[in-house]
Amino acid sequence: MSTATRRRPRYTLKESALGLALLVPSIVVFVAFFYRPFLNLLHWGRYESRRNGAYFEYVGLDQYREQLTGEDFREGLWHSIQFVLYTVPPGIVLGVLLAVAAHRRLKGIKVFQAIFSSTLASSVAVTSVLFFYFFNDTVGLFKVDWLENPDMAMFAVSLSSIWQNLGLSFVIVLAGLQTVPDEVLEAATLDGYGATRRLLRITLPLISPVLLFLLVVLVIFGLQAFAQVDLLTKGGPVSATETLVYKINRLNRPDNIGIGAVYSVGLFVITLAVTTLQFSLLERRVHYAR
Amino acid sequence: MASLTFENVTKRFDDVVAVDSLDLGITDGEFMVLLGPSGCGKTTALRMIAGLEDITEGRLLIGDTVVNDVDPAKRDVSMVFQSYALYPHMTVQRNIESPLLVRKYRADGPDHPARKLNRAERDERVTEAARVLGLVDLLRRKPAALSGGQRQRVALARAFVGRPQAFLMDEPLSNLDAKLRAQTRLELVDLHRRVETTVVYVTHDQVEAITMADRVAIMSAGRLQQVGTPQEVYEAPANLFVAQFIGTPPMNTVEGALGDGGIETGGGVVPVPPGLAGRLEVGRKLVVGIRPEHLALTPGGQLDLAVRAVEWLGHECLVFGTIGDADAVVRQTGMADVRPGDTARVAVEATDVHVFDPETTGRLA
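Residues numbered from 1 in each chain as written. Chains lettered and ligands numbered in written order. Predicted model: local features only at pLDDT ≥ 70, side-chain atom pairs only at ≥ 80, totals over all residues.

Asker: Can you lay out the overall build of chain B for me, pointing to particular residues and giving the numbers?
Answerer: Across its full length, chain B carries eight helices and 22 strands. Along the first, second and third principal axes, the C-alpha set of chain B runs to 75 × 45 × 35 Å. (Helix = DSSP H or I, 4+ residues; strand = E, 2+ residues; numbered from the N terminus.)

So, in structure tokens, the structure goes:
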């Protein structure tokens, strides 16, 4: 990184006006669909609903304090963390392995690349129905009771997500691999590196920016996962798969809308914190080619 | 250190023959340059030595060992790539150290088993290589913070540090500017003289080839055209391809036929070189080759040159024109006393005339 101080470029009034004009559409969209709803959320978080939402009473920031330290929120947070831990590391490892396997010049390799990336094209709903059938304990493929077993349900839901995200991981890692120059890998081969050493010492460091991106995206996906939980377990059995997002959905009723708003803000803050942490901790270890 | 031997080696990519029945012996300690235009198979030949390409037919030997099926990591050769192929995420120190990490060496003398080097031994060798190539102050930098010439030297250091059987170099100077290239040429020759290890050097630049090589192997369309010292291939090119590939500007060629008093061409009669006299029947069609510096502008010359352009380069002068209907160049020191549009007489000595067969393009004399 250059340490030289960057001089702020000077723009003429005309240039500034043009720049602003070009930004207006995105500003409008963000204000309408993100910033204003978010401010609404902060606002609703300070009200408690009475008589099934017939009227709302101002309770202030106490509601934030109470709810964010409450048993239910902590349980949801723990389930979300569990889900992230179950889905992200295997997702990245499998994505790397598949991409490495498919990154070679062979006749027909495009067919395999298309197959491996195909889960990208299937919706969460389709994936969930598929796994719902796989897990069914009488007609299913695996014939297991995981979805009804509180100890296994989170793992089962995670499996479907790993499968769902595999296409994305594969495509992103494959794109990363294609930026690694052949000659660098050949140089490593002549230096005596075996395939594993080459992967760990050369390839992975060179695609580390891609891996960081994948990590951040998968963690966010994990924290926001909803449909697979809703379709496979409805948060059950006995709330064993109630992630934060699922709880927010459950609370999103007139009688609980204030609490739902508090949870949403909580999830936003957690997601932001985790993402910032990932960048600040890992960015130093990532090699960006210049 | 070791010799390298191609025995009837062929490489096919699907239907394309990249290297066709190559027979070439590179002796131990030799600086061999593989020279040819792009697509001639020289890089493929080099990559077969490294083991980066499989051999379709024939045998390749390093020393006395057939290495067709030996893993590239086990061949004990190092390579300098055109792009240098440095590891961008490692410091210069770690780049140079890289070949020492995995390989085993007889560091305790020839009677002891080979082992991996320890940290101190690796550091010592890296420092030595860095010292030789003037990289000591750069060891902690990463390749992105180096100039092209510095990167190139890191690539050389990485190749030399492991003391392999042979160094393979694939156009290592082509990414340098002209001045640095000339300087690095000298440094490479110097380095080779010091380490006395076999070098196989691939280039399309005939200047690099004739200035650096012990011997040059000239290739075209997958086939070996001629092997010899730079003087041999310059003074007695084996065929028209070699004749025109070596030398700048290239050798002038003009078609003619053997007559009573010499070789009759469209621009005049060329004297018959000593080796050819009496060997061929009169009337035989020939291609005459004369190097630009062997043509002299003189009123008593045997040939007519229709002058088209004169280029003065300071230390020499190039006169472009046509002899008969063939393009020709005359090269002389100092300024030429002719102008575009003139017809000048040019002379050539019989000993400087090359004669080729128009059918086979092979050398006759």
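Asker: Tell me what's going on with the overall build of chain A, and back it up with residues and numbers.
Answerer: Secondary structure summary: chain A contains 12 helices and two strands in total. Starting at the N terminus and ending at the C terminus, chain A contains elements arranged as α-β-β-α-α-α-α-α-α-α-α-α-α-α. Counting only C-alpha atoms and orienting by the principal axes, one finds that chain A spans roughly 75 × 70 × 30 Å. Put simply, of all contacts in chain A between residues at least 6 apart along the chain, 71% involve residues at least 24 apart. (Contact = placed C-beta atoms within 7 Å.)

Asker: Talk me through the confidence of the model for chain B; I want residue IDs and the actual numbers.
Answerer: The predicted model of chain B averages 91 in pLDDT, with 100% of residues at 70 or higher. The complex prediction reports pTM at 0.81, with the ipTM value standing at 0.83. (pLDDT = per-residue confidence, 0-100.)

Asker: Kindly report on the pairing of strand 3 (residues 31-35) of chain B, identifying the contributing residues and their values.
Answerer: Residue and element names in this part refer to chain B. Within strand 3, five of the five residues are buried, which leaves the element mostly enclosed by the surrounding structure. In this sheet, strand 10 (residues 198-203) lies alongside strand 3 in parallel orientation, the contact comprising five bridges. When the sheet's bridge partners are listed, Met32 is paired in strand 10 with Val200. Taken together, the four bridges between strand 3 and strand 11 (residues 215-220) define a ladder with parallel strand orientation. Considered in strand 11, the bridge of Leu35 is made with Ile218. (Buried ≥ 20, exposed ≤ 12 C-beta atoms within 10 Å, placed from the backbone. Pairing = 2+ DSSP bridges.)

Asker: Let's hear about unusual backbone geometry: which residues, and what values?
Answerer: Residue and element names in this part refer to chain B. The omega torsion across Thr248 and Pro249 is -10°, close enough to zero to call that bond cis. Its location among the elements puts Pro249 in the loop between helix 8 (240-245) and strand 13 (252-258). A positive phi angle is found at Arg163, which is not glycine, with a value near 45°. Residue placement: Arg163 occurs in the loop between helix 4 (148-161) and strand 9 (166-170). Taking the number of C-beta atoms within 10 Å as the measure of exposure, Arg163 has 16 and is therefore partly exposed. The phi dihedral of Glu171 is positive, around 45°, even though this residue is not glycine. Inspection of the secondary structure assignment puts Glu171 in the loop between strand 9 and helix 5 (178-195).

Asker: Which residues make up the sheet that holds strand 2 (residues 16-26) of chain B, and what values go with them?
Answerer: Across a sheet, paired strands are connected by hydrogen bonds in the backbone, their directions being either parallel or antiparallel. Residues and elements named next belong to chain B. Strand order across the open sheet formed by four strands is 2-1-4-5, with antiparallel pairing between neighbours. The open sheet terminates on both sides in strands that have one partner only, identified here as strand 2 and strand 5 (65-66). Pairing of strand 1 (residues 4-13) with strand 2, which is carried by seven bridges, proceeds in the antiparallel orientation. Following the sheet pairing, Phe13 is matched in strand 2 by Val16.

Asker: Please give an account of the pairing of strand 12 (residues 223-228) of chain B that cites residues and values.
Answerer: Across five bridges, strand 11 of chain B lies against strand 12 of chain B in antiparallel orientation. By the bridge assignment for strand 12 of chain B, B:Val216 is matched with B:Gly228.

Asker: Give a detailed account of the interface of chain B and chain A, specifying residues and quantitative values.
Answerer: With 18 residues of chain B in contact, the opposing surface of chain A contributes 17 residues. Going through the elements one at a time, strand 6 (77-80) and helix 2 (92-102) of chain B are the ones with two or more residues in the side of chain B that touches chain A. Per-class residue counts for the side of chain B that touches chain A are 13 nonpolar, four polar and one charged. (Nonpolar A, V, L, I, M, F, W, Y, C, P; charged D, E, K, R; others polar.)

Asker: I'd like a description of helix 4 of chain B, backed by residues and values.
Answerer: All names here are of chain B. When the terminal C-alpha atoms of helix 4 are compared, their 20 Å separation across 14 residues agrees well with the 20 Å that a helix rising 1.5 Å per residue should span. Of all 14 residues in helix 4, 11 are buried, a share of seventy percent or more. When we look at burial in helix 4, the residues that qualify are Arg151, Gln152, Arg153, Val154, Ala155, Leu156, Ala157, Arg158, Ala159, Phe160 and Val161. Buried positions along helix 4 lie against strand 6, helix 2, helix 3 (119-132), strand 9 and helix 5. (Expected span 1.5 Å × (residues − 1).)

Asker: Describe the nonpolar core, with residues and values.
Answerer: Ranked by internal contacts, the top residues of the largest apolar core, which has 143 residues, are B:Met32, B:Leu34, B:Ala157 and B:Val200. Ranked by residue count, the leading element in this core is helix 6 (residues 153-177) of chain A, at 10 residues. Non-local contacts of B:Met32, meaning those with residues more than four positions away in its chain, are made with B:Ile26, B:Val199, B:Val200, B:Tyr201, B:Ala213, B:Asp214, B:Arg215 and B:Ala217. (Core = buried A, V, L, I, M, F, W, Y, C linked by C-beta atoms within 7 Å.)

Asker: Quick one: what's the story with the sheet that holds strand 12 of chain B, residue by residue and with numbers?
Answerer: All names here are of chain B. Spatially, 6-9-10-3-11-12 is the arrangement adopted by the six strands of the open sheet, whose pairing is mixed. For this open sheet the edge positions go to strand 6 and strand 12, each flanked by a neighbour on one side alone. Across the sheet, the mean angle separating the axes of adjacent strands is 20° when strand polarity is ignored. (Axes fitted to C-alpha atoms, helices over the stretch in contact; angles between N-to-C directions.)

Asker: Give a description of helix 5 (residues 124-135) of chain A that names residues and reports values.
Answerer: All names here are of chain A. For helix 5, spanning 12 residues, the distance from its first C-alpha to its last is 16 Å, which sits close to the expected 16 Å at 1.5 Å a residue. Of the residues making up helix 5, those classed as buried are Thr127, Ser128, Phe131 and Phe135. The arc that holds every buried residue of helix 5, seen down its axis, measures 95°, which confines them to one face. In helix 5, the exposed positions angled more than 90 degrees off the buried face are occupied by Ala125 and Tyr133. Looking at the buried side of helix 5, the elements it contacts are helix 6 and helix 10 (227-232). (Arc of directions from axis to C-beta.)

Asker: Outline the packing of helix 1 (residues 13-44) of chain A against helix 12 (residues 257-282) of chain A, listing residues and values.
Answerer: Residues and elements named next belong to chain A. Running from N to C, helix 1 and helix 12 cross one another at 120°; their axes reach a closest spacing of 8 Å. The orientation of helix 1 with respect to helix 12, classified from their angle, is oblique. For the pair helix 1 and helix 12, the crossing hand works out as left-handed. Residues Leu41, Leu42 and Trp44 of helix 1 form the contact with helix 12, whose own contacting residues are Ile257, Gly258, Ala261, Ser264 and Val265. (Parallel < 35°, antiparallel > 145°, perpendicular 65-115°, else oblique. Left-handed = near helix turned anticlockwise from the far one by under 90°.)

Asker: Give me the environment of A:Gly140: which residues, what numbers.
Answerer: All names here are of chain A. Relative to the assigned elements, Gly140 resides in the loop between helix 5 and helix 6. Given 16 C-beta atoms within a 10 Å radius, Gly140 is considered partly exposed. Taking the C-alpha atoms as reference, Gly140 lies 27 Å from Phe170; in sequence the two are 30 residues apart. The residues contacting Gly140, other than those within four sequence positions of it, are Tyr133, Phe134 and Phe135.

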